[in-house]
Amino acid sequence: MKKAVFPGSFDPITLGHFDIINRALPLFDEIVVAIGINADKKYMFSLEERMNFIKKTFKGEPKITVTTYKGLTVDYCKTIDADFILRGLRNPADFEFEKAIAIANRKLSGIETVFLLTSAETSYISSSIVRDIMRNNGDASILVPNSVLES
Ligand code: ADP
């Protein structure tokens, strides 16, 4: 069984994440969308809100589960028997950052990171842009799934 973990902050989930997850569905039997808990980081949305946005977005999709984890992503992958990490790439900065982590993760654990290139339509979207727009009462409807707008 091919099981992948898609780790991230998802503060909040965007149409960029949504696109990556949907395009990864045919590649895996199960995708675990895993929200990493980092006590040092400040979030706009609570952990519960972030989980609920993702759960609502993928309601009825049996291959997707939503969880949270603490500590190293590779340790979490081992705990749940996942052999793959899924990540999205938007630009060269993402590539450089992700490359080092993916190599370290493979050396540490043998876990392979699978990268999907962002779609042209969603390549500019980031959770930080969404947070800025929402904080200032702007319209984020072209950037996020409906579940986030209903909050
Ligand atoms: P993190 O804090 O781990 O970067 P994010 O929630 O910001 O968490 O992102 C999770 C994953 O989704 C990362 O691999 C990121 O590159 C990817 N991602 C975010 N936005 C997009 C997008 N617009 N297109 C493709 N991938 C994206």
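Before going into details, it helps to say that this report is about the structure given with it. Note that the structure is a prediction, hence the values are computed from the model and not measured. (Residues numbered from 1 in each chain as written. Predicted model: local features only at pLDDT ≥ 70, side-chain atom pairs only at ≥ 80, totals over all residues. Heavy atoms only, no water.)

## Topic: the overall build of the protein
On a plain count of helices and strands, the protein comes out with six helices and five strands. Sequence-ordered secondary structure for the protein, helices as α and strands as β, is β-α-β-α-β-α-β-α-β-α-α. Taken over C-alpha atoms, the radius of gyration comes to 15 Å for the protein, in line with the 15 Å a tight globule of 151 residues would show. Counting only C-alpha atoms and orienting by the principal axes, one finds that the protein spans roughly 45 × 35 × 35 Å. Split into buried and exposed, the 151 residues of the protein put 44% on the buried side. Sequence-distant contacts in the protein: of pairs separated by 6 or more residues, those separated by 24 or more amount to 77%. Accessible area of the protein: about 8400 Å², with a carbon and sulfur share of 54%. Looking at charge distribution, the protein has the averaged site of its 19 positive side-chain charges lying 3 Å from that of its 19 negative ones. (Helix = DSSP H or I, 4+ residues; strand = E, 2+ residues; numbered from the N terminus. Rg over C-alpha atoms; globule rule 2.2 N^0.38 Å. Buried < 20%, exposed > 50% of the residue type's maximum accessible area, 1.4 Å probe, protein only. Contact = heavy atoms within 4.5 Å. Areas by Shrake-Rupley, 256 points an atom, 1.4 Å probe, with all protein chains shown as cover. Lys, Arg positive; Asp, Glu negative; His and termini not counted. Charge placed at Lys NZ, Arg CZ, Asp CG, Glu CD.)

## A closer look at the site of the ligand
Ser9, Gly88, Thr118, Thr122 and Ile125 are the nearest of the 17 residues found near the ligand. Interatomic distance of 2.7 Å between a backbone N/O atom of Gly88 and an oxygen atom of the ligand. Here Ile125 contributes a backbone N or O atom positioned 2.9 Å from a nitrogen atom of the ligand. In the complex, the protein chains occlude 86% of the 550 Å² of accessible area that the ligand would expose alone. Mapped onto the shell around the ligand, the elements with two or more residues apiece are strand E1 (3-8), helix H1 (15-24), strand E4 (84-89) and helix H4 (92-109). (Near = heavy atom within 4 Å. Polar contact = N/O pair within 3.5 Å; in protein donor to acceptor, adjacent residues only side chain to side chain.)

## Quick notes on the packing of aromatic side chains
Under the criterion given, the structure shown has five aromatic pairs. Ring centres 5.2 Å apart and planes at 80 degrees place the aromatic pair Phe45 and Phe53 in the edge-to-face group. Judged by relative accessible area, which is 8%, Phe45 ranks as buried. Between Tyr69 and Tyr76 the ring centres are 5.0 Å apart and the planes differ by 15 degrees, which places this aromatic pair in the stacked class. The pair Tyr69 / Tyr76 is uniform in exposure class, with both members buried. (Phe/Tyr/Trp six-rings, centres within 6.5 Å; stacked < 30°, edge-to-face > 60°.)

## Some points on unusual backbone geometry
For the bond from Asp11 to Pro12, the omega torsion is 0 degrees, close enough to zero to count as cis. Summarising the element assignment, Pro12 is placed in the loop between E1 and H1. Positive phi, normally seen in glycine, also occurs at Asp81, with a value near 65 degrees. Locating Asp81 in the fold gives a position in the loop between helix H3 (73-79) and E4. With a relative accessible area of 64%, Asp81 lands in the exposed category.

## A short note on the environment of Glu121
Following the sequence through the fold, Glu121 ends up in the loop between strand E5 (112-117) and helix H5 (127-135). Linking Glu121 and Gly16, residues 105 residues apart in sequence, is a C-alpha distance of 8.6 Å.

Interpretation in functional terms is not warranted from these geometric data alone.
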